[in-house]
2 protein chains.
Amino acid sequence: MVRLKEEPLRKLSYALFKAVGTSDEEAKIVSNILVDTSIHGVDSHGVRAIPGYIKGIQLDPEAPRALVPGTPIKTLVDTPTTAMWDAGRGFGFVAGYKAMSTAIEKAKKYKMGSVGLQGTGHIGALYWYSYLAAKNNMIGLTLCRGGGHFVAPYGGVEGRLGVNPLCFAIPAGKYRPIILDMATTGVAMGHLMVMSVRGQDAPEGWLIKPDGTWATDPRSIFKREAVPVGFGHPYSEYKGYGLSIIVEALAGAIGSGCSLDETGFGHTFTAIDPTGYTSLDEFKGRIDSMIDHLKSSKTRPGFDEVLYSGEPEWREEDNRRKLGILVDDPFWEAIVKTAKELSVDIDGIMKDGYVKA
Amino acid sequence: MVRLKEEPLRKLSYALFKAVGTSDEEAKIVSNILVDTSIHGVDSHGVRAIPGYIKGIQLDPEAPRALVPGTPIKTLVDTPTTAMWDAGRGFGFVAGYKAMSTAIEKAKKYKMGSVGLQGTGHIGALYWYSYLAAKNNMIGLTLCRGGGHFVAPYGGVEGRLGVNPLCFAIPAGKYRPIILDMATTGVAMGHLMVMSVRGQDAPEGWLIKPDGTWATDPRSIFKREAVPVGFGHPYSEYKGYGLSIIVEALAGAIGSGCSLDETGFGHTFTAIDPTGYTSLDEFKGRIDSMIDHLKSSKTRPGFDEVLYSGEPEWREEDNRRKLGILVDDPFWEAIVKTAKELSVDIDGIMKDGYVKA
């Protein structure tokens, strides 16, 4: 593990994306989202992903998995409150940032705003976009019909849905925003990767084999021996499945990834202004009061306190701002290798950026 | 069990509400929603509830649990896309019907519409309101911060949240709408009542005792020996908890039930027009295609086929339209008793309305 300071890491990420021909604006947006995500403790979606995106940019632009910075966003539909965009093969981060920003602008005028996005790839951690709405005193909702169709429906054993995460952010008053960012499967794929690296078993009820029994090896999904199911098995799997269908319907049918033969990503970015219903002070006061109320519950054995959704990540963010951002050695080595290949002066940029891990 | 025909049952319900002084319009709206709900197979929220509402109407209007038909709805906020209403102690059904109808009208003009509702009591099964949107080719979302604060937060053992159901309805093409209507607890309270009547045990992970162990007697919640937790325990309870917080924040903080000392209901009724993003035909075609895709999965042992959310209720509705609506004997006896007390000619109204159970 290495610990890295925030500002040098932003500069490094910017330099890497510039080195493969990304524009100033795009390199800044992408780097900020990736570094923010690492600060927030969401390592699966943070700076570890940089070398992968660089590789995508280096592919032939016609190749199936190519990422093509600078692809213009096409507006397919535009109304006072809604829009539908096609971002082609451009950065999901850039299109997502612009989509949620536009949803917020629409909501500032009309109390509700929503932008659908098709054609683009990975947008990273959803929390970042919903939180952008919360920073603007809006309720934010980001939905993603994930790539592929490898999640089994309730009662089935073959992949038919994406991981289909959803993320709500709710602005509070004295507390930091509530952020619920979750996969509609038992667990996000990134966590299964981490578990397999650490030699941990998956619990029964996450990964189903073709014969209907449960796999406990977290790598079984990557070996195509099992597929994930909706969360909450055995007594609530149909609820996780139901939420996955809703995300598939909203982000997928609105985007382009919800059908027998289409497998792309689909997203919706929605902002709702609480002043469409009540004053902002009253809304935030009630949210604070709810959080106080949750925290006043007696705890169970094994718990010191009750937390609200998103609070563990806010604590990790405080920690990392103080101590530096943790990056696992293999991920850091891949970043160093990419920098050398691109002749980016990583030693110069990072020289004061290391912190003792 | 008795089986009853739809039309006589509507007439009976209407006559009962008229007999306690409810207006024509209100008696019709309430009766239609209750009978529709029974036809849809949601017995916990259907006609069995009639005697309870009648009792509420018969209370002194100042009593804490009084239901006061005819209470005017006050508009607190109104914008092109949103509104906030206070329905006082009037029928939740009537205010809810008008709120979703208004949300749909706003969405017809602006692609998105949403009405918050405070001050009112029970609105019955959420599916009815979201389905109203789907019948109008809209995506419907109904959120309810349920009465009381008796659901434990993740890590806690004391009640701090409502049951907090949420319901999405999505219009399809060749299929009937997807309807996901679910509590954010392991199970809705009505099902625990049914389980206790039938002598069934609740699984571990639904009801927590003050010492942090699980209760399996479904009556333990009504005996105040245990409280429900978010759904998905042990591996996804924090996700159900997170969704409960979101419903509490949206329906509660927008309504009036989300705070340390307020315990009322709060609702939001939202309609989203898919044509804000894409053509209706394209949207519905993708939904159909998704459902085809789900159904094409091989099944697990114990499952004959894959269903989508809401499909079991559509099948039960077909069944009941053919065979009549099932009503459990104790519920029917209570309705008969109420009719006699109100001198409603139940024998005359129902004479051709019985079907062999």
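Structure shown above.
Q: What exactly am I supposed to notice about the interface of chain A and chain B here?
A: Size of an interface: often given as the accessible area lost when the parts come together. Each partner contributes residues to the interface: chain A has 90 residues there, and chain B has 92 residues. Between chain A and chain B lies a buried interface of about 7,400 Å² when both sides are counted; carbon and sulfur atoms form 67% of it. The tally of links from chain A across to chain B stands at four salt bridges. In this structure, the salt-bridge partner of Glu237 of chain B is Arg300 of chain A, at a minimum N-O distance of 2.8 Å. Taken together, chain A and chain B are joined by 38 residue pairs in polar contact (both at pLDDT 80 or more). Listing elements by their share of the side of chain A that touches chain B, those giving two or more residues are strand S3 (82-86), strand S4 (112-118), strand S6 (166-170), strand S7 (178-182), helix H7 (237-254), strand S11 (266-272) and helix H8 (280-295) of chain A.

Q: Before we go on, may I ask you to explain the sheet that holds strand S1 (residues 2-4) of chain A in this structure?
A: What links the strands of a sheet is backbone hydrogen bonding, and the strands pair in either a parallel or an antiparallel sense. All names here are of chain A. The three strands lie next to each other as S12-S1-S13, forming an open sheet whose pairing is antiparallel. Each edge of the open sheet is held by one strand with a lone partner, namely strand S12 (325-327) and strand S13 (354-355). Of the pairings in the sheet, the one linking S1 to S13 comprises two bridges and is antiparallel in character. Pairing of Arg3 across the sheet is with Val355, part of S13.

Q: Even after reading the chapter, I still don't get the side chain of Thr37 of chain B, so can you show me in this structure?
A: All names here are of chain B. Looking at the element boundaries, Thr37 is found in helix H2 (residues 24-39). Given the relative accessible area of 1%, Thr37 is considered buried. Ignoring any residue separated from it by four or fewer positions in sequence, one finds Thr37 in contact with Val42, His45, Gly46, Ala125 and Tyr127.

Q: Explain the packing of aromatic side chains to me, please; I cannot follow it from the model alone.
A: The relative placement of two aromatic rings is captured by the distance of their centres and the angle of their planes. By the definition in use, this model includes 24 aromatic pairs over all chains. For the pair Trp206 of chain A and Tyr235 of chain B, a centre-to-centre distance of 6.1 Å together with 70° between the ring planes defines the contact as edge-to-face. Of the two residues, Trp206 of chain A is situated in the loop between helix H6 (189-197) and strand S8 (207-208) and Tyr235 of chain B in the loop between strand S10 (227-228) and helix H7 (237-254); the pairing between them involves two chains. For Trp206 of chain A, a relative accessible area of 10% puts it in the buried group.

Q: What's the story with helix H3 (residues 50-58) of chain B in this structure? I'm lost.
A: Regarding H3 of chain B, the residues found buried are Ile50, Pro51, Tyr53, Ile54, Gly56 and Ile57 of chain B. Tucked into the core, H3 of chain B has its buried residues touching helix H1 (6-19), H2, helix H4 (92-110) and helix H10 (329-341) of chain B.

Q: How should I be thinking about the nonpolar core in this particular structure?
A: The nonpolar side chains of soluble globular proteins are, as a tendency, buried together. In terms of nonpolar packing, the biggest core is built from 222 residues, with Phe17, Ile287 and Trp332 of chain A together with Phe17, Ile287 and Trp332 of chain B touching the most fellow members. Contact partners of Phe17 of chain B, with chain neighbours within four places excluded, come to Thr22, Ala27, Val30, Ser31, Leu34, Ile50, Tyr53, Ile54, Ile57 and Phe91 of chain B.

Q: What exactly am I supposed to notice about H10 of chain B here?
A: Structural remark: α-helix, 3.6 residues per turn; residues separated by three or four positions point the same way. Residue and element names in this part refer to chain B. Compared with the 18 Å implied by 1.5 Å per residue over 13 residues, the 18 Å span of H10 between its first and last C-alpha is a close match. Within H10, burial applies to Trp332, Ile335, Thr338 and Ala339. Along the axis of H10, the buried positions cluster into a sector of 120°, meaning they face one direction only. H10 presents Pro330, Glu333, Lys337 and Glu341 as exposed residues on the side facing more than 90 degrees away from its buried surface. Taken together, the buried residues of H10 touch strand S1 (2-4), H1, H3, strand S12 (325-327), helix H11 (346-350) and strand S13 (354-355). Of the residues one or two after H10, Ser343 is the one with positive phi, at around 55°.

Q: I would appreciate a short explanation of the packing of helix H1 (residues 6-19) of chain A against helix H2 (residues 24-39) of chain A in the present structure.
A: When two helices pack together, their arrangement is given by the angle between the helix axes and the distance between those axes. Residues and elements named next belong to chain A. Two elements in contact, H1 and H2, have axes separated by 8 Å at closest approach and are oriented at 140°. The angle between H1 and H2 places the two elements in the oblique class. Classified by chirality, the crossing of H2 by H1 is right-handed. Counting all contacts with H1, which are made through Glu6, Leu9, Arg10, Ser13, Tyr14, Phe17 and Lys18, the residues of H2 involved are Asp24, Ala27, Lys28, Val30, Ser31, Asn32, Leu34, Val35, Asp36 and Ile39. Here the residues of the contact of H1 with H2 are counted per class, giving eight nonpolar, three polar and six charged.

Q: How should I be thinking about the pairing of strand S6 (residues 166-170) of chain B in this particular structure?
A: When a strand is regular, its side chains alternate between the sheet's two faces. All names here are of chain B. Along S6, five of the five residues are buried, which leaves the element largely enclosed by surrounding structure. The alternating pattern of S6 places Leu166, Phe168 and Ile170 and Cys167 and Ala169 on opposite faces, both of which are buried. Of the pairings in the sheet, the one linking strand S5 (residues 139-145) to S6 comprises four bridges and is antiparallel in character. Across the sheet, the residue bridging to Thr142 is Cys167, located in S6.

Q: I tried to follow the relation of the copies chain A and chain B on my own but got confused; where do I start?
A: Between the two copies of this chain, the relationship is a rotation about some axis together with a displacement along it. The two copies are related by a screw motion: chain A maps onto chain B through a turn of 180° and a shift of 0.0 Å along the axis, at an RMSD of 0.0 Å. Taken together, the rotation and translation relating the two chain copies correspond to the operation of a two-fold axis. When each C-alpha of chain A is compared by its distance to the rotation axis, Gly232 of chain A comes out closest, at 1.9 Å.

Q: Looking at this structure, I do not really get the state of the cysteines. What am I missing?
A: Two cysteines whose sulfur atoms are joined by a covalent bond form what is called a disulfide. Inspection of the entire model under this criterion finds zero disulfides over all chains. Left without a disulfide partner, Cys144 of chain A is nearest to the cysteine sulfur of Cys167 of chain A, which lies 11 Å away.

Q: Honestly, unusual backbone geometry in this entry has me stumped. Any pointers?
A: All names here are of chain A. Going from His233 to Pro234, the amide bond is cis rather than trans, its omega being 5°. Note that Pro234 resides in the loop between strand S10 (227-228) and H7. Within the chain, Arg224 stands out as a residue other than glycine whose phi angle is a positive 60°. Topologically, Arg224 is positioned in the loop between strand S9 (214-215) and S10. Assessed through its relative accessible area of 78%, Arg224 is described here as exposed.

Q: Looking at this structure, I do not really get the pattern of salt bridges. What am I missing?
A: When the charged atoms of two side chains lie near each other, side chains of opposite charge can form a pair. Residue and element names in this part refer to chain B. Counted according to the given criterion, the structure contains 50 salt bridges over all chains. With a shortest N-O distance of 3.5 Å, Glu7 and Arg10 are connected by a salt bridge. Note that Glu7 and Arg10 are positioned in helix H1 at a spacing of three residues, about one turn of the helix. Classification of Arg10 as buried rests on a relative accessible area of 13%. Where Glu341 meets Lys337, a salt bridge forms, and the shortest distance between an N and an O atom there is 3.3 Å.

Q: Can you walk me through the sheet that holds S1 of chain B in this structure?
A: Read across the open sheet, the three strands follow the order S12-S1-S13 (chain B); overall the sheet is antiparallel. Of all strands in the sheet, those with a lone pairing partner are S12 and S13 of chain B, marking the two edges.

Conventions used here
Residues numbered from 1 in each chain as written. Chains lettered and ligands numbered in written order. Predicted model: local features only at pLDDT ≥ 70, side-chain atom pairs only at ≥ 80, totals over all residues. Heavy atoms only, no water. Contact = heavy atoms within 4.5 Å. Buried area = accessible area lost by both parts, 1.4 Å probe. Salt bridge = Lys/Arg side-chain N within 4 Å of Asp/Glu carboxyl O. Polar contact = N/O pair within 3.5 Å; in protein donor to acceptor, adjacent residues only side chain to side chain. Helix = DSSP H or I, 4+ residues; strand = E, 2+ residues; numbered from the N terminus. Pairing = 2+ DSSP bridges. Buried < 20%, exposed > 50% of the residue type's maximum accessible area, 1.4 Å probe, protein only. Phe/Tyr/Trp six-rings, centres within 6.5 Å; stacked < 30°, edge-to-face > 60°. Core = buried A, V, L, I, M, F, W, Y, C linked by side-chain atoms within 4.5 Å. Expected span 1.5 Å × (residues − 1). Arc of directions from axis to C-beta. Axes fitted to C-alpha atoms, helices over the stretch in contact; angles between N-to-C directions. Parallel < 35°, antiparallel > 145°, perpendicular 65-115°, else oblique. Left-handed = near helix turned anticlockwise from the far one by under 90°. Nonpolar A, V, L, I, M, F, W, Y, C, P; charged D, E, K, R; others polar. Least-squares fit on C-alpha atoms with pLDDT ≥ 70 in both. Disulfide = S-S within 2.5 Å.

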